Amino acid sequence: AVTVPEGVAIIGVDPSTRLGQQTVGDVEAQGIGTKTFDLIATNGENSVKHVSVAFRYRMDDSQAPPFEKTAAADISVGGPAMSLNFDVPGQVFAGQVFDVSLAYRNNSKTAFQNTKLVFDYPQMFQFQTASSSPSTGNNEWDLGTLAPDGQGSVMVTGSVTGGQQAFFAMGVHLQVELNGHRYDLGAQTTNIGIQTTPLALSISVNRKTN
């Protein structure tokens, strides 16, 4: 049984699963064997992840509680396998049409299949168009296989409504499919300020506002 911390997933099971188990079967005297768990670090850039393993066994057919042998390892996580970089204006006017550009790159030596780029729009964002047609709705793009050093970009055009000096967050994450399950390998969020429109309207009747 292997236990992984938050930010590490066991490939082949649900990404939220923290415990993975494999059955060994009978072990003969002086027997030697190997079991492999494939793991993937989904976040925690430049951190250390603690992974523990427990080997549980019984002697013969005894119904007594099993014996247990444990081991642990600290795994260093370096830079992200997938890098995501926003190019956005620092501030926009309410109702102004603006562009949000996202560049992505596979920094690893592994080709990732069935990759998907997902934008997380705030409620106030009104999508208008994009540099390429979304695969699902207006915020998901199927990128196919992303080879090592593979890269590309997606630009989204839209507008927002909001009050003076308000901010909104635009997020994006990149998913890959491994053994039938989808895992997030990169996530970025950027904040954009909202200014009131430079044009104002006021209405009066008989020179009175009431």
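Relevant structure appears above.
Each value, and the rule that gives it
Sequence order sets the numbering: in each chain, residues are counted from 1 along the sequence as written. It should be noted that, the model being predicted, local features are given only for residues of pLDDT at least 70 and side-chain atom pairs only at 80 or more, the latter also being counted only at that level, while totals for whole chains, interfaces and linings use all residues. To get the side-chain values, all heavy atoms of the structure are used, and hydrogens and water are removed first. Counting from the N terminus, the helices are DSSP H or I runs at least four residues long and the strands are E runs at least two residues long. The size measure is the radius of gyration over C-alpha atoms, and the globule rule it meets is 2.2 Å times the number of residues to the 0.38 power. Burial classes: relative accessible area under 20% of the type maximum marks a residue as buried, over 50% as exposed, and values in between as partly exposed (1.4 Å probe, protein chains only). A contact between two residues is defined here by any heavy atoms of the two lying within 4.5 Å. To measure how exposed things are, a 1.4 Å probe is used in the Shrake-Rupley method; for residues, cover is taken only from the protein chains shown. The sign given to each residue is positive for Lys and Arg and negative for Asp and Glu; His and the chain ends receive no count. Lysine's charge is taken at NZ, arginine's at CZ, aspartate's at CG and glutamate's at CD. Any pair of Phe, Tyr and Trp rings, taking the six-membered ring for Trp, is counted once the centres come within 6.5 Å. Such a pair is stacked with planes under 30 degrees apart, edge-to-face with planes over 60 apart, and tilted for the rest. In these notes, a set of buried Ala, Val, Leu, Ile, Met, Phe, Trp, Tyr and Cys residues joined through side-chain atoms within 4.5 Å is what counts as a nonpolar core. Only residues whose relative accessible area exceeds 30% and that form no salt bridge enter a patch; like-charged residues are grouped when within 9 Å of one another, and nonpolar side chains (Val, Leu, Ile, Met, Phe, Trp, Tyr) when within 5 Å. A side-chain nitrogen of Lys or Arg and a carboxyl oxygen of Asp or Glu constitute a salt bridge if their distance falls within 4 Å. We define a polar contact as two N or O atoms separated by no more than 3.5 Å, with the added condition that, inside protein, one atom must be a possible hydrogen donor and the other a possible acceptor, whereas residues neighbouring each other in sequence contribute only through side-chain atom pairs. With a 1 Å grid laid over protein atoms only, a set of points is called a cavity when a 1.4 Å probe fits there but cannot get out and a pocket when it is open yet has protein on both sides within 12 Å along at least five of seven lines; lining residues have an atom within 4 Å of a point. Grid points are joined across faces, edges and corners, and a volume is the space filled by probe spheres set on the points. Amino acid classes used here: Ala, Val, Leu, Ile, Met, Phe, Trp, Tyr, Cys and Pro are nonpolar; Asp, Glu, Lys and Arg are charged; the rest, including Gly, are polar.

> How should I be thinking about the overall build of the protein in this particular structure?
On a plain count of helices and strands, the protein comes out with zero helices and 15 strands. For 210 residues, the compact-globule formula gives about 17 Å, and the C-alpha radius of gyration of the protein, at 25 Å, lies well above that figure. When the backbone C-alpha atoms are referred to their principal axes, the protein occupies close to 100 × 40 × 30 Å. A buried classification covers 27% of the 210 residues belonging to the protein. If you take every contact in the protein between residues at least 6 apart in sequence, the share linking residues at least 24 apart comes to 69%. Of the roughly 13400 Å² that the protein leaves accessible, carbon and sulfur atoms contribute 47%. Positive and negative charge centroids in the protein, built from 12 and 18 side chains respectively, lie 9 Å apart.

> I tried to follow the packing of aromatic side chains on my own but got confused; where do I start?
For any pair of aromatic rings, the description consists of the separation of the ring centres together with the inter-plane angle of the planes. Under the counting rule described, the total for this entry stands at nine aromatic pairs. Centroid distance Phe98 to Phe125: 6.1 Å. Interplanar angle 70 degrees. Geometry classified as edge-to-face. Within this pair, whereas Phe98 is found in strand β9 (residues 98-106), its partner Phe125 is found in strand β11 (residues 125-130), the two being separated by 27 residues in sequence. An aromatic cluster is defined as three or more aromatic residues linked by ring pairs; in this entry it consists of Phe86, Phe98, Phe119, Tyr121, Phe125, Phe127, Trp141 and Phe168.

> In this structure, what is going on with the nonpolar core? I would like to understand it.
The nonpolar side chains of a soluble globular protein tend to be buried, and buried together. Counting 29 residues, the largest nonpolar core has Phe98, Tyr104, Leu117, Phe119, Phe168, Leu174 and Val176 as its most contacted members. If you list the elements that add at least two residues to this core, you get β7 (82-87), β9, β10 (112-120), β12 (140-146), β13 (151-160), β14 (166-178) and β15 (181-195). Examining the composition of this core, we find that six residues originate from one element, β14, more than from any other. Residues in contact with Tyr104, not counting those within four places in the same chain, are Ser83, Leu84, Leu117, Leu143, Leu146, Gly150, Gln151, Gly152, Ser153 and Leu174. Formed by five residues, the second largest nonpolar core is a distinct cluster that contains Val2, Val4, Ile10 and Val51.

> Got a minute to help me understand a negative patch on the surface in this structure?
Taken together, the side chains of Asp26, Glu28, Asp60 and Asp61 define an acidic patch exposed on the protein surface. Along the chain, the position of Asp26 falls in the loop between β3 (19-20) and β4 (39-41). According to the relative accessible area criterion, Asp26 is exposed, its value standing at 78%.

> Can you help me understand the side chain of Gln175 in this one?
Mapping Gln175 onto the fold places it in strand β14. A polar side-chain atom of Gln175 sits 3.1 Å from a polar atom in the side chain of Arg182.

> How do you make sense of the layout of surface pockets when you look at a structure like this?
Over the atoms rolls a probe the size of a water molecule, and in doing so it shows where empty space is left. Considering only enclosed or pocket space, the largest pocket measures out at about 870 Å³ in volume. Lining the largest pocket are 24 residues, with Val24, Gly25, Phe55, Arg56 and Tyr57 positioned closest to its centre. Looking at the second largest pocket, its volume works out to about 630 Å³. Residue lining of the second largest pocket: 31 residues in total, with Ala41, Thr42, Asn43, Asp184 and Leu185 positioned closest to the centre. Of all the elements, β15 adds the most residues to the lining of the second largest pocket, at seven residues. Tallied by class, the residues present in the lining of the second largest pocket amount to 16 nonpolar, 10 polar and five charged.

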